[in-house]
Amino acid sequence: MTDYQATTARVLMLAPAMPSPDAPTWAGAAWVGAVDRQEALAASAVELAGAQGFRRARLLVRDGREVAGFVDVAVDAGGDVDPAELGRALRELRTTRLPAAPTGAPVGLVSVVIGTRDRPEDLRRCVRSVLASAYDDFEVFVVDNAPTTSATRDVVAAIGDPRVHYVLEARPGVSRARNAGLALASGAVVAFVDDDVVVDRHWLAALADAYARDADVVCVTGLVPSGELRTPTQRYFDERVTWARNLERRVFRTAAPPADLPLFPFSVGAFGTGANMSLRRSAAIELGGFDVALGPGTPARAGEDPDLFTRVLFSGGALAVEPSAVVWHKHRPDRAALRSQALGYGTGLGAWVAKLMLQPRTALAVLRRAVGALRQLGALGQGSGGAGADQVSAAVDVVGGWPVDEAFLEATAGLKRVELVAALGGPWRYLRGRRAAR
């Protein structure tokens, strides 16, 4: 869904990352998709499918499978991009370098686990994108988490693909859903995605290559760019989450702490997000899977992803960030989601820190980094030296370079304070979740 389609030898037609029948209503909305650099440079015209009503386009630029970065270009009234403007932007991007060729054993079967709850349309789109993968050795487990309807079961039945399996997990919680899929997975690698994503067709192949390159890598995450930028809220999320811009291929090990991440191994934003993460199945089982007292569907509301990342690193395993493993994410578009997101991240952060403090080995590491962590805490829980607390606490009057209305200003006011207050209640909520898990 994210690759270009050539209509003639010289005209390039690009498809949106997440198609929608609705025209944008905000002047700052951007059409989102991907383009191959060499194909675009060779084209005499570049057309964007479904771009009517958009003034700008954000394009993920690739050299084959390698991600070079993003460009932002104007869109004319007909939904076209000026090839000259696009060409200048493409030439300014960095030159990509191919990674070392995998030398380890091929991964083989990959198990994909999709946790979901009563979101049939999102789920249908997600599963179809996985089934369109260029990597052909995979199985899919759709875990129906504490459903209130039969919609998820109906979607799986309608897809009717023998590679897609329906799993019921009646107990609520994303961590429980992921563990249910992990228990049934047959693959050497288990990849986890949320139901509100569309995976790139090369996603699975990129994950498999990352494991084959480094034998000690037990967790691989990927790039999670915004699949939609239609509303100020989506733009606001996009500008403040670091995992949407992790373009550098890195491998993290506690034996070699990175000098540029003083909070390591608690540099959460640098490691990615649970919307696009994978684990060697054997290592995941040895670690005990995901903590069922953390994550959406629990009192803690979040925290399951950073908990898993740090447990991987403290166990001696390596964590790899693989930018070419791309998953497009649909941010929630409404203003109410801003406060809910801040509450969730704050509560989850406090719960995760509480868990770390309950273990002597990790408690000391947390205390050594506490001051720096407080300095870098940013709104929406993703502060890691990028969009810092000073930027977030400032008055917001434009998003993505476009003005926003008073209602949006009211919705964003005090988000950092909301998150910090929620973090204070996180420890109590974690203890509640642990009791409930028993």
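Calculation rules
Residues numbered from 1 in each chain as written. Predicted model: local features only at pLDDT ≥ 70, side-chain atom pairs only at ≥ 80, totals over all residues. Heavy atoms only, no water. Helix = DSSP H or I, 4+ residues; strand = E, 2+ residues; numbered from the N terminus. Rg over C-alpha atoms; globule rule 2.2 N^0.38 Å. Areas by Shrake-Rupley, 256 points an atom, 1.4 Å probe, with all protein chains shown as cover. Lys, Arg positive; Asp, Glu negative; His and termini not counted. Charge placed at Lys NZ, Arg CZ, Asp CG, Glu CD. Buried < 20%, exposed > 50% of the residue type's maximum accessible area, 1.4 Å probe, protein only. Axes fitted to C-alpha atoms, helices over the stretch in contact; angles between N-to-C directions. Parallel < 35°, antiparallel > 145°, perpendicular 65-115°, else oblique. Contact = heavy atoms within 4.5 Å. Nonpolar A, V, L, I, M, F, W, Y, C, P; charged D, E, K, R; others polar. Arc of directions from axis to C-beta. Polar contact = N/O pair within 3.5 Å; in protein donor to acceptor, adjacent residues only side chain to side chain. Left-handed = near helix turned anticlockwise from the far one by under 90°. Pairing = 2+ DSSP bridges. Salt bridge = Lys/Arg side-chain N within 4 Å of Asp/Glu carboxyl O. Core = buried A, V, L, I, M, F, W, Y, C linked by side-chain atoms within 4.5 Å. Phe/Tyr/Trp six-rings, centres within 6.5 Å; stacked < 30°, edge-to-face > 60°. Lys NZ or Arg CZ within 6 Å of the ring centre and 35° of its normal.

Colleague: Whenever I open this one, the overall build of the protein confuses me. Can you help?
Modeller: A tally of regular secondary structure across the protein gives 15 helices and 18 strands. Here the C-alpha radius of gyration of the protein, 21 Å, is about what a compact globule of 438 residues would show, namely 22 Å. C-alpha atoms of the protein, sized along the principal axes, occupy 60 × 50 × 50 Å. Summing over all exposed atoms, the protein offers an accessible surface of approximately 18,200 Å²; the carbon and sulfur share of this is 53%. Taking the 50 positively charged and 48 negatively charged side chains of the protein as two groups, their mean positions are separated by 7 Å.

Colleague: Hey, could you run me through the side chain of Asn276 in this one?
Modeller: For Asn276, the location among the structural elements is in strand β15 (residues 276-280). In this structure Asn276 comes out as buried when scored by relative accessible area, which is 0%.

Colleague: What should I look at first to understand the packing of helix α7 (residues 232-240) against helix α11 (residues 336-357) in this one?
Modeller: Packed helices, taken two at a time, are described by the angle their axes make and the gap between the axes. Interhelical geometry of α7 versus α11 gives an angle of 30 degrees and a closest axis separation of 9 Å. In terms of orientation, α7 and α11 fall into the roughly parallel class. Facing Thr233, Tyr236 and Phe237 of α7, the residues of α11 in contact are Ala337, Leu338 and Gln341. Among the residues making up the contact of α7 with α11, the classes are represented as four nonpolar, two polar and no charged.

Colleague: What's the story with helix α2 (residues 83-92) in this structure? I'm lost.
Modeller: Residues lying three or four places apart along an α-helix face the same way, a consequence of the helix completing one turn every 3.6 residues. Among the residues of α2, Leu86, Gly87, Ala89 and Leu90 are the ones counted as buried. For α2, the arc enclosing every buried residue in end-on projection is 165 degrees, short of the 170-degree limit, so these residues lie on one face. Facing away from the buried side of α2, by more than 90 degrees, are the exposed residues Arg91 and Glu92. For α2, the secondary structure elements touched by its buried residues are α1 (37-42), β4 (45-48), β5 (56-63), β6 (66-74) and β7 (80-81). Residue Asp82 occupies the N-cap position of α2, its side-chain oxygen lying 3.0 Å from the main-chain nitrogen of Ala84.

Colleague: It is not clear to me how the packing of helix α3 (residues 120-131) against helix α4 (residues 151-159) should be interpreted in this structure. Could you clarify?
Modeller: The interhelical angle for the contact between α3 and α4, taken along N-to-C directions, is 35 degrees, at an axis separation of 10 Å. Crossing hand, α3 versus α4: right-handed. Between α3 and α4, the residues in contact are Pro120, Leu123, Arg124, Val127 and Leu131 and Ala151, Thr152, Val155 and Ile159, respectively. By residue class, the composition of the contact of α3 with α4 is seven nonpolar, one polar and one charged.

Colleague: For this particular structure, what's the right way to read the sheet that holds β6?
Modeller: Within a beta sheet, neighbouring strands are joined by backbone hydrogen bonds and run either parallel or antiparallel to one another. Reading across the sheet, the three strands line up as β3-β5-β6 and stay open at both edges, with mixed pairing between neighbours. Looking along the sheet, the strands with just one partner apiece sit at the ends: β3 (30-36) and β6. Averaged over all pairs of adjacent strands, the angle between their axes in this sheet comes to 20 degrees, without regard to strand direction. Contacts from α2 reach β5 and β6 within the one sheet, and its direction differs from that of β6 by about 145 degrees.

Colleague: Looking at this structure, I do not really get the pattern of salt bridges. What am I missing?
Modeller: Within the structure shown, the criterion is met by 26 salt bridges. Arg56 is the salt-bridge partner of Asp72, the closest N and O atoms lying 2.7 Å from each other. Pair noted here: Asp72 is in strand β6 and Arg56 is in strand β5, with a separation of 16 residues, a long-range link. Overall, the relative accessible area of 37% leaves Asp72 in the partly exposed class. Overall, Arg56 belongs to the partly exposed group, its relative accessible area being 23%. Between Arg249 and Glu66 there is a salt bridge, with the nearest N and O atoms lying 3.1 Å from each other. On the criterion of sequence distance, the pair formed by Arg249 in the loop between α7 and β14 (250-252) and Glu66 in strand β6 is long-range, its members being 183 residues apart.

Colleague: Got a minute to help me understand the nonpolar core in this structure?
Modeller: Note that soluble globular proteins tend to have their nonpolar side chains buried in a common cluster. The biggest cluster of nonpolar side chains holds 40 residues, and the ones touching the most others in it are Val112, Ile114, Val140, Val193 and Trp203. Excluding residues that lie within four positions of it along the chain, Val112 makes contacts with Val130, Glu139, Val140, Phe141, Ala191, Val193, Trp203 and Leu204. Among the nonpolar cores identified, the runner-up in size contains 28 residues, and Val167, Phe192, Val218 and Cys219 belong to it.

Colleague: Can you walk me through unusual backbone geometry in this structure?
Modeller: Across residues other than glycine, the phi torsion is negative in most instances, and most of the peptide bonds are trans. Backbone torsion omega between Phe264 and Pro265 reads 5 degrees, so that peptide bond is classified as cis. Along the chain, Pro265 falls in the loop between β14 and α8 (268-271). Despite not being glycine, Asp118 shows a phi value in the positive range, around 55 degrees. As for its position among the elements, Asp118 is in the loop between β8 (110-116) and α3. Relative accessible area serves as the criterion here: at 24%, Asp118 is assigned to the partly exposed category.

Colleague: Would you mind going over the packing of aromatic side chains with me for this structure?
Modeller: Remark: the centre distance and the inter-plane angle together describe each pair of aromatic rings, the angle taken between the planes. Inspection of the entire model under this criterion finds seven aromatic pairs. Where Phe266 meets Phe314, the ring centres are 6.0 Å apart and the plane angle is 45 degrees; that geometry is what we call tilted. On the criterion of sequence distance, the pair formed by Phe266 in the loop between β14 and α8 and Phe314 in helix α10 (residues 304-314) is long-range, its members being 48 residues apart. Both residues of the pair, Phe266 and Phe314, count as buried. An aromatic cluster is present here, built from Phe252, Phe264, Phe271 and Phe309 joined pairwise through their rings. It is Arg58 that lies over the ring of Phe70; its NZ or CZ is 6.0 Å from the centre. Here the basic side chain of Arg240 rests over the ring of Tyr236, its NZ or CZ set 4.1 Å away from the ring centre.

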